[in-house]
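# Examining the three-dimensional arrangement
Spelled out from the first residue to the last, the chains are:
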Amino acid sequence: MQHGEYNDSGGDGVKLKLAGVQNNSVVDGPGLRTVIFTQGCPHHCPGCHNPQTLDPAGGRWEDVADLVADICADTGVRGVTFSGGEPFAQARALAQLAAGLKTRKMHIMVYSGYTFEELQIKAMGDSAVAALLSHTDLLIDGPFILAQRDISLLYRGSHNQRIIDVQATLEEGRVILSPLHFRGQEQAYA
């Protein structure tokens, strides 16, 4: 594989471009988690929390099968968060990673600068986007908007972002917000 080339052939040898991995996080989703920071993002939101992840030329390549093994070796971890960068820019590799983690009953949370509705449209033409959504438990959707920044929001940076229960949403055919979406707002608006 040449530098910068993405191997999306499926099966063994699929690579993911990473900015980093954070073990034992309790702030990037419910419970004790591993956080996968993908490299590369098309959104370039002003005030981005992870600006070092924007450049697709940065980061390092990691084998998806190795990541599954490494994450599952930590028996205390119950969930994995895909952050960025933009996770859906590497949907095929992350769908494979999520599928491997789901066989071990891991909870999957994904941050995306795309709205759920935009991802649904993308999924119609890209089976990898559809596959990643099908393995996702919670989605924090929408770009970070600096003018709507609010540090009291659970797992989100701005008011436009939603915490979506993806499995319930796919089942119901309409966006279902997770109860976690409303946590913290009761103090902010009291």
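Scroll up to find the structure.
If you're wondering where the values come from, they're calculated on a predicted model, not measured in any experiment.

## Some remarks on helix H1 (residues 64–73)
Every buried residue of H1 is listed here: Val64, Leu67, Val68 and Ile71. For H1, the arc enclosing every buried residue in end-on projection is 100 degrees, short of the 170-degree limit, so these residues lie on one face. Exposed positions of H1 whose direction lies more than 90 degrees from the buried face are Asp70 and Ala73.

## Looking at the packing of helix H3 (residues 116–125) against helix H4 (residues 127–135)
As a packed pair, H3 and H4 sit with axes 6 Å apart at the nearest point and diverge in direction by 130 degrees. Considering the angle they form, H3 stands oblique to H4. For the pair H3 and H4, the contacting residues are Phe116, Leu119, Lys122, Ala123 and Gly125 in the first and Ser127, Val129, Ala130 and Leu133 in the second. For the contact of H3 with H4, the class distribution of residues is 6 nonpolar, 2 polar and 1 charged.

## Some words on the sheet that holds strand S3 (residues 60–63)
With mixed pairing, 7 strands are arranged side by side in an open sheet as S3-S1-S2-S4-S5-S6-S7. On the outer flanks of this sheet lie S3 and strand S7 (162–165), each paired with one strand and no other. Sheet twist, expressed as the average angle between the axes of neighbouring strands with direction ignored, equals 30 degrees. Relative to strand S4 (residues 79–83), strand S2 (residues 33–38) runs parallel, the two sharing 5 bridges. For valine 35, the partnering residue across the bridge sits in S4 and is threonine 81. Contacts between helix H2 (residues 91–102) and the sheet are confined to strand S1 (15–25), S2, S4 and strand S5 (107–111), with S4 contributing the most and set at about 170 degrees to the helix.

## Looking at the environment of valine 21
In this structure, valine 21 sits in strand S1. Look past the residues within four positions of valine 21 in its chain and what remains in contact with it is Thr34, Val35, Ile36, Arg60 and Leu67.

## Remarks on the pairing of strand S6 (residues 138–141)
Burial along S6 is two-sided: Leu138 and Ile140 facing one way and Leu139 and Asp141 facing the other are all buried. Note: S5 against S6, 3 bridges, orientation parallel. What sits directly across from valine 110, in S6, is leucine 139. Note that S6 and S7 share 4 bridges and pair antiparallel. Counterpart to leucine 139 in the pairing with S7 is isoleucine 164.

## Overview of the pattern of salt bridges
Enumeration over the complete set of coordinates arrives at 4 salt bridges. Note that aspartate 137 and lysine 102 form a salt bridge whose closest N and O atoms lie 2.5 Å from each other. On the criterion of sequence distance, the pair formed by aspartate 137 in the loop between H4 and S6 and lysine 102 in helix H2 is long-range, its members being 35 residues apart. Close ionic contact of glutamate 117 with arginine 162 constitutes a salt bridge, the shortest N to O distance being 2.7 Å. With glutamate 117 in helix H3 and arginine 162 in strand S7, the pair connects residues that are 45 residues apart, well separated along the chain. Glutamate 117 sits in the partly exposed class, given a relative accessible area of 34%.

Conventions we followed
- Residues numbered from 1 in each chain as written.
- Predicted model: local features only at pLDDT ≥ 70, side-chain atom pairs only at ≥ 80, totals over all residues.
- Heavy atoms only, no water.
- Buried < 20%, exposed > 50% of the residue type's maximum accessible area, 1.4 Å probe, protein only.
- Helix = DSSP H or I, 4+ residues; strand = E, 2+ residues; numbered from the N terminus.
- Arc of directions from axis to C-beta.
- Axes fitted to C-alpha atoms, helices over the stretch in contact; angles between N-to-C directions.
- Parallel < 35°, antiparallel > 145°, perpendicular 65-115°, else oblique.
- Contact = heavy atoms within 4.5 Å.
- Nonpolar A, V, L, I, M, F, W, Y, C, P; charged D, E, K, R; others polar.
- Pairing = 2+ DSSP bridges.
- Salt bridge = Lys/Arg side-chain N within 4 Å of Asp/Glu carboxyl O.

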